[in-house]
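Okay, here's what each chain looks like letter by letter:
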Amino acid sequence: MNSVNHGAQGNWPVRRREILDWLMLEVQNERFIDNILVEMCLRLRSQGVSIGRATLHFRTNHPEWLGARIVWRHGMPQAEIHTFGYDVESTPAFLQSPVNELFSGASVVRQPLYGLRGDPAKYPIYDDLREEGMTDYVAWPLIHTLEKRHIISFACDDPDGFSDEDMQVLQDLLPAITLHSEIRIKNVITRTLLRTYVGPHASEQILAGATTRGSGETLGAAILICDLRDFTTISDLWPRDDVIEMLNGYFDAMSGPIETHGGEILKFMGDGLLAVFRLTDPDACGRLLSAIGEAKLVMEALNAEHENHGRSRLRYGMGVHVGDVMYGNIGSRNRLDFTVIGPAVNVTSRLEELTKETQRSVLFSKAFVEMGGYANEMERLGTYPLRGVGEPVEVYALIGSA
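Every value quoted in this text rests on a predicted model; they were computed, and no experiment measured them.

Asker: For this particular structure, what's the right way to read the overall build of the protein?
Answerer: When its secondary structure is counted, the protein shows 12 helices and 14 strands. Against the 2.2 N^0.38 benchmark of 21 Å for 402 residues, the protein shows a C-alpha radius of gyration of 28 Å, more extended than a compact globule. Overall, the protein is about 85 × 50 × 40 Å in size when its C-alpha atoms are taken along their principal axes. Considering the protein as a whole, with its 402 residues, one finds that 47% of them fall into the buried category. In the protein, once contacts between residues fewer than 6 apart in sequence are set aside, the share between residues at least 24 apart is 61%. Total accessible area on the protein stands at roughly 20600 Å², and carbon and sulfur atoms take up 50% of it. Looking at the protein, you have 38 positive and 54 negative side-chain charges, and the mean spots of the two groups are 4 Å apart.

What follows is the structure in structure tokens.
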């Protein structure tokens, strides 16, 4: 491995170039770092630096993915983006890679690839690059605030590899690439965190400026509230880690179908959740009903696993109603919650509580049944007074359901 040092502090850039001016002055309105990477590589090629392949490796705060890798090869109109899970750092592919060396503290990795065919390579990626026709490889860390490391790499397809002048051009670009990547990666992380904790629609509202207490809108929605039965007993008897695993499995079973069918999960409340299907979609009620049916099947599969491990089945109760809700920011001066409130939410909550009395897992209000036109699919259970609700409510369940 050959080392290439960064330019001396205070001596940047070594020579002013058109591509650096472009990076510093003309990409402010480009939102996505992958587009900047592609355009930069095309400009480099046009100016004689034979970039055949370039990658960006960055880490995000996603609940499922540790990060992503952006890959561009000469001839591709767009870069490819591949996510990788939290277990990647224990895999041989990562451990035996220049990326691992850079994450571990190296300031640069450089490896000429031409003339080495048949010789043992330090990292398997070098053989792969030679097979792609690459002749040279270099990678640097992009060091963001608080020493957060991300990686950029370039591979050359010129027969003679990168010249000293090519290397200096690339090094001069690193501070600008670091600046632009930090801004855009942090934008991605911000969006990811907001989507993770408040959902896709609420996150867009917040990013658009809906951050003042009381800001919001009135919307019509089909509302679903779900709660796990006997959770107190389970949490008292089961080991902590088993309880967390059980809750995650239960929420996966419920939330997956809701999101697949267009619902928006607004809140996880201990062992329960609150979701809405906006009535701007004319099939909102149908989508909600489909989500319930799919969730039931997933819960059956989950309960089969529980029984195989000698555990009792999980039971749940759902309340479903339809009506207008206030959707927006509610809370104290310094701590807000983006959620829905209103009489329709209260009715939905009381229907969920009523499932314990009726021994039905899902209860629907008359308003929902009539709006969806489901009278032939539902069984009328009667009219029930609901705590905190003025008038008794006609309650329905799916025919033949438990």
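More follows now that the structure is in view.
Asker: For this particular structure, what's the right way to read the layout of surface pockets?
Answerer: Summary: where empty space remains is shown by rolling a probe the size of a single water molecule over the atoms. Considered as a void within the structure, the largest pocket measures approximately 970 Å³ in volume. Secondary structure elements with two or more residues in the lining of the largest pocket: helix H6 (164–198), helix H7 (200–207), helix H9 (240–260), strand E8 (264–269) and strand E11 (336–341). Classifying every residue of the lining of the largest pocket gives 11 nonpolar, eight polar and eight charged.

Asker: Can you walk me through the pattern of salt bridges in this structure?
Answerer: Between side chains of opposite charge, a pair can form when the charged atoms approach closely. Within the structure shown, the criterion is met by 27 salt bridges. For Glu89, the salt bridge goes to Arg59, with nearest N and O atoms at 2.8 Å. Of this pair, Glu89 sits in the loop between strand E3 (80–85) and helix H3 (92–95) while Arg59 is found in strand E1 (residues 51–59), placing the two residues 30 residues apart along the sequence. Look at Glu89 and you get partly exposed, because its relative accessible area is 31%.

Asker: Is there a simple way to explain unusual backbone geometry in this structure?
Answerer: A negative phi angle characterises most non-glycine residues, just as the trans form characterises most peptide bonds. Residue Glu147 is not a glycine yet carries a positive backbone phi of 65°. With respect to the helices, strands and loops of the structure, Glu147 is situated in the loop between strand E5 (136–143) and strand E6 (149–156). Not every positive phi belongs to a glycine, and Gln359 is a case in point at roughly 60°. Along the chain, the position of Gln359 falls in the loop between helix H11 (343–358) and strand E12 (362–365).

Asker: What should I look at first to understand empty space enclosed by the protein in this one?
Answerer: One pass over the full model with this rule turns up one cavity of 30 Å³ or more. Considering only enclosed or pocket space, the largest cavity measures out at about 40 Å³ in volume. Lining the largest cavity, in full, are Leu23, Ile33, Ile36, Leu37, Met40, Leu56, Ile152, Ile177 and His180. For the lining of the largest cavity, the elements supplying multiple residues, two or more each, are helix H2 (33–46) and H6. By residue number, the principal contributor to the lining of the largest cavity is H2, which donates four residues. Broken down by class, the residue content of the lining of the largest cavity amounts to eight nonpolar, one polar and no charged.

Asker: Honestly, the sheet that holds E3 in this entry has me stumped. Any pointers?
Answerer: In any sheet, the strands associate via hydrogen bonds between backbone groups, in a parallel or an antiparallel arrangement. Across the sheet, six strands lie side by side as E3-E2-E1-E6-E5-E4; this open sheet has antiparallel pairing. If you trace the sheet from one side to the other, it starts and ends with E3 and strand E4 (109–112), each paired once. Between one strand axis and the next, the sheet turns by 15° as a mean value, whatever way the strands run. Where E4 meets E5, four bridges bridge the pair, whose relative direction is antiparallel.

Asker: Help me understand the packing of aromatic side chains, please; the structure alone is not making it clear to me.
Answerer: Aromatic ring pairs are reported here in terms of the distance separating the ring centres and the angle at which the planes meet. The full count for this structure, using the stated rule, is seven aromatic pairs. Their ring planes at 25° and their centres at 5.5 Å tell us that Phe364 and Phe368 sit as a pair that is stacked. Its relative accessible area of 0% is what places Phe364 among the buried residues. With relative accessibility at 0%, the residue Phe368 sits in the buried group. Taken together, the ring pairs connect Tyr123, Tyr126 and Tyr137 into an aromatic cluster. Sitting above the plane of the Phe103 ring, Arg59 keeps its charged end 3.9 Å from the centroid. One residue, Arg278, lies across the ring of Tyr327, its end atom 4.9 Å from the ring centre.

Asker: I keep staring at the environment of Met134 and nothing clicks. Help me out?
Answerer: One can find Met134 in the loop between helix H5 (124–131) and E5. With 22 residues separating them in the primary sequence, Met134 and Pro112 have C-alpha atoms 9.2 Å apart.

How each quantity is defined
Residues numbered from 1 in each chain as written. Predicted model: local features only at pLDDT ≥ 70, side-chain atom pairs only at ≥ 80, totals over all residues. Heavy atoms only, no water. Helix = DSSP H or I, 4+ residues; strand = E, 2+ residues; numbered from the N terminus. Rg over C-alpha atoms; globule rule 2.2 N^0.38 Å. Buried < 20%, exposed > 50% of the residue type's maximum accessible area, 1.4 Å probe, protein only. Contact = heavy atoms within 4.5 Å. Areas by Shrake-Rupley, 256 points an atom, 1.4 Å probe, with all protein chains shown as cover. Lys, Arg positive; Asp, Glu negative; His and termini not counted. Charge placed at Lys NZ, Arg CZ, Asp CG, Glu CD. 1 Å grid on protein atoms, 1.4 Å probe; cavity = no way out; pocket = protein on both sides within 12 Å on 5 of 7 lines; lining within 4 Å. Points joined across faces, edges and corners; volume = space filled by probe spheres on them. Nonpolar A, V, L, I, M, F, W, Y, C, P; charged D, E, K, R; others polar. Salt bridge = Lys/Arg side-chain N within 4 Å of Asp/Glu carboxyl O. Pairing = 2+ DSSP bridges. Axes fitted to C-alpha atoms, helices over the stretch in contact; angles between N-to-C directions. Phe/Tyr/Trp six-rings, centres within 6.5 Å; stacked < 30°, edge-to-face > 60°. Lys NZ or Arg CZ within 6 Å of the ring centre and 35° of its normal.

Worth remembering: the numbers are spatial, not functional.
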